[in-house]
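# Structure at a glance
What follows is the residue order along each chain.
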Amino acid sequence: PDLWHVRTPRHRPMQSAGTAPPLWIVQGPPDRWFVNGEPMTRSGIASLLRDPGQGKDGAREVRFLPSASLSLGDVSGSLAWLRGLNGGPVVLGLPRQEGP
């Protein structure tokens, strides 16, 4: 009977989800920006995030890393700006505090 046969999972090839790798955006004072380690202007970032070819449905994941020297207001404003432009997830990464 079939009860004695070991069932093995069917192998399914990995399918591309159609998403691009995340963009790493770093903001430093006073208004310095870097995308994946390369310096970029605010207008350059805006153009990059508005480009419909960047990921599934025109949005791609963005990892936002603000400098620890920025104010909470600056970080909050920049995060809202990035989320408004991207139309997809923007993950906030906070700088690590060194212990005493």
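Okay, so let's go over this structure. What you see as residue numbers is a count from 1 along each chain, following the sequence as written. Reporting in this predicted model follows two pLDDT cut-offs: at least 70 for local features of residues, and 80 or more for side-chain atom pairs to be given and counted; totals over whole chains, interfaces and linings ignore these cut-offs and use all residues. Side-chain numbers here rest on the full set of heavy atoms in the structure, without hydrogens or water.

What follows covers the overall build of the protein. Summing up its helical and strand segments, the protein has two helices and five strands in all. Secondary structure counts use DSSP, requiring at least four H or I residues in a row for a helix and at least two E residues in a row for a strand, with both numbered from the N terminus. Secondary structure elements of the protein occur, N-terminal to C-terminal, as β-β-β-α-β-α-β. Working rule for contacts: check all heavy atoms of both residues, and any pair within 4.5 Å makes them a contact. Nonlocal contacts in the protein, meaning residues at least 24 apart in sequence, comprise 65% of its contacts between residues at least 6 apart. Computed with a 1.4 Å probe, the accessible areas rest on the Shrake-Rupley method; for each residue, only the protein chains presented here act as cover. Accessible surface computed for the protein: about 7,600 Å², of which carbon and sulfur atoms make up 56%.

It is worth spelling out the packing of helix α1 (residues 42-50) against helix α2 (residues 72-86) at this point. Viewed as axis vectors pointing N to C, α1 and α2 meet at an angle of 35°, and their least axial separation amounts to 8 Å. Across from R42, I45, A46, L49 and R50 in α1, the residues of α2 making contact are S78, W81, L82, L85 and N86. Here, axes are lines fitted to C-alpha atoms. For helices the fit covers the stretch in contact, and angles between N-to-C directions go from 0 to 180 degrees.

Time to look at the side chain of Q27. Along the chain, Q27 falls in strand β1 (residues 23-28). Throughout, exposure labels follow a simple rule: accessible area from a 1.4 Å probe, protein chains only, divided by the maximum for the residue type, with under 20% read as buried, over 50% as exposed, and the rest as partly exposed. Using a relative accessible area of 4% as the deciding quantity, one classes Q27 as buried. Pairs of N or O atoms within 3.5 Å make up the polar contacts considered here, provided that, within protein, one atom can donate a hydrogen while the other can accept it, and that residues adjacent in sequence are counted only when both atoms are side-chain atoms. Of note is the side chain of Q27, whose polar atom sits 2.8 Å from the side chain of S78.

The subject of this paragraph is the pairing of strand β4 (residues 62-66). Here β4 shows a clear split, with V62, F64 and P66 buried on one side and none of R63 and L65 buried on the other. Two strands make a pair as long as DSSP finds a minimum of two bridges between them. Pairing analysis gives five bridges linking β1 to β4, with the strands arranged parallel. Directly across from W24, in β4, lies its bridge partner R63. Pairing analysis gives three bridges linking β4 to strand β5 (residues 90-92), with the strands arranged parallel. Across the sheet, F64 pairs through a bridge with L92, a residue of β5. Traced from β4 through α2 to β5, the parallel crossover comes out right-handed. Handedness of a crossover is defined as follows: orient the strands so they point away from the viewer, and if the path from the first strand over the helix to the second runs clockwise, the crossover is right-handed.

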